[in-house]
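Residues per chain, in single letters:
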Amino acid sequence: MAVALEDLKFTLQEVLDTFKSCLSEHKEVFLEHYVAGWRGLVRFMNCLGSVFSFISKDAVNKIQILVNHLNGENGDHYITVQSMVKYELDSQLVDLTKRGSFPESGCRTLLRLHRALRWLELFLERLRTSTEDSNTSVMCSEAYNESLSQHHAWIIRKAAGTAFWALPGRATFFDVMNVGSPEQVMAVLGDALPLISEVYQVTEDLYAQNNILELP
Ligand SMILES: CCCCCCCCCCCCC/C=C/[C@@H](O)[C@H](COP(=O)(O)O)NC(=O)CCCCCCCCCCCCCCC
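Reading the values: the criteria
Residues numbered from 1 in each chain as written. Predicted model: local features only at pLDDT ≥ 70, side-chain atom pairs only at ≥ 80, totals over all residues. Heavy atoms only, no water. Near = heavy atom within 4 Å. Polar contact = N/O pair within 3.5 Å; in protein donor to acceptor, adjacent residues only side chain to side chain. Helix = DSSP H or I, 4+ residues; strand = E, 2+ residues; numbered from the N terminus. Nonpolar A, V, L, I, M, F, W, Y, C, P; charged D, E, K, R; others polar. Expected span 1.5 Å × (residues − 1). Buried < 20%, exposed > 50% of the residue type's maximum accessible area, 1.4 Å probe, protein only. 1 Å grid on protein atoms, 1.4 Å probe; cavity = no way out; pocket = protein on both sides within 12 Å on 5 of 7 lines; lining within 4 Å. Points joined across faces, edges and corners; volume = space filled by probe spheres on them.

Caption draft 1: Quick look at the site of the ligand. Taken together, 22 residues sit near the ligand, with Asp58, Lys62, Arg108, Arg112 and His152 positioned nearest. Within the side chain of Asp58, one N or O atom sits 2.8 Å away from a nitrogen atom of the ligand. Among the elements of the structure, α2 (31–46), α3 (53–71), α5 (106–128) and α7 (154–164) are those that each provide at least two residues to the shell around the ligand. Of the residues contributing to the shell around the ligand, the split by class is 17 nonpolar, one polar and four charged.

Caption draft 2: A look at α2. For α2, built from 16 residues, the straight-helix expectation of 22 Å at 1.5 Å per residue is met to within 8% by its first-to-last C-alpha distance of 22 Å. By the burial criterion, the buried members of α2 are Leu31, Tyr34, Val35, Gly37, Trp38, Gly40, Leu41, Val42, Phe44 and Met45.

Caption draft 3: Representation of the layout of surface pockets in the model. Of the volumes computed, that of the largest pocket is approximately 1,100 Å³. Around the largest pocket, the lining is made up of 44 residues, and of these Trp38, Met45, Ile55, Ala116 and Trp119 lie nearest the centre. Going through the elements one at a time, α1 (2–20), α2, α3, α5, α6 (136–145), α7, α8 (170–177) and α9 (182–209) are the ones with two or more residues in the lining of the largest pocket. By residue number, the principal contributor to the lining of the largest pocket is α5, which donates nine residues. Of the residues assigned to the lining of the largest pocket, the class counts are 35 nonpolar, three polar and six charged. Of the volumes computed, that of the second largest pocket is approximately 170 Å³. Along the walls of the second largest pocket sit 14 residues, with His69, Tyr78, Glu88, Leu93 and Glu104 positioned nearest its centre. Its residues assigned to classes, the lining of the second largest pocket shows four nonpolar, seven polar and three charged.

What follows is the structure, given as structure tokens:
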């Protein structure tokens, strides 16, 4: 158990650091760090219990698709989200209206994680402003209903809703984060949130400008 907690402590710090290093000075999003941030989040989620494994499986899948692009022969085009979008659109490597030839395009794959990042932002903001008697399951499902759920089929919403009830309570959740007292957790969240929000907003604007927010 001690080893797991040590791992986790490292992981959460890593998550914050990677989101910090995601943006270049010209506000480009480095795909490598974006993916590393997600890896850290998935590791954290895996520590919360196996009820969440269907969620982390999908996230891991999508992370792997992006890593494959990064390590592939056209990896140079995948350094930033901006260069990826330009390359894939210019080369017509994206299914724009219905699923077809490119089920693993970087653009559609990253869009799924991007939408989940909005959930994370809303959930962490709730955690940050929560009080001792706040309910993590309620905070999680409220954040989900305001964001990601709109993009999910009924059956996924149902499964996610059920999983949320298995979330540990606020005190345990904070313990598992292993960053110290609730005040310290709040401070860490306060630190991380603006960065996560900025990464989200830069990506959202890029996708909106290219009219690819609804990729199938
Ligand atoms: C901490 C509790 C975790 C709650 C996670 C909330 C998100 C719930 C998402 C439910 C997704 C169910 C799995 C299936 C999804 C796919 O159908 C769907 C669409 O993909 P497709 O177009 O290829 O078919 N995929 C997605 O929307 C991507 C989902 C990615 C979810 C990643 C969630 C990572 C959560 C990390 C939690 C970290 C908490 C940190 C707190 C400090």
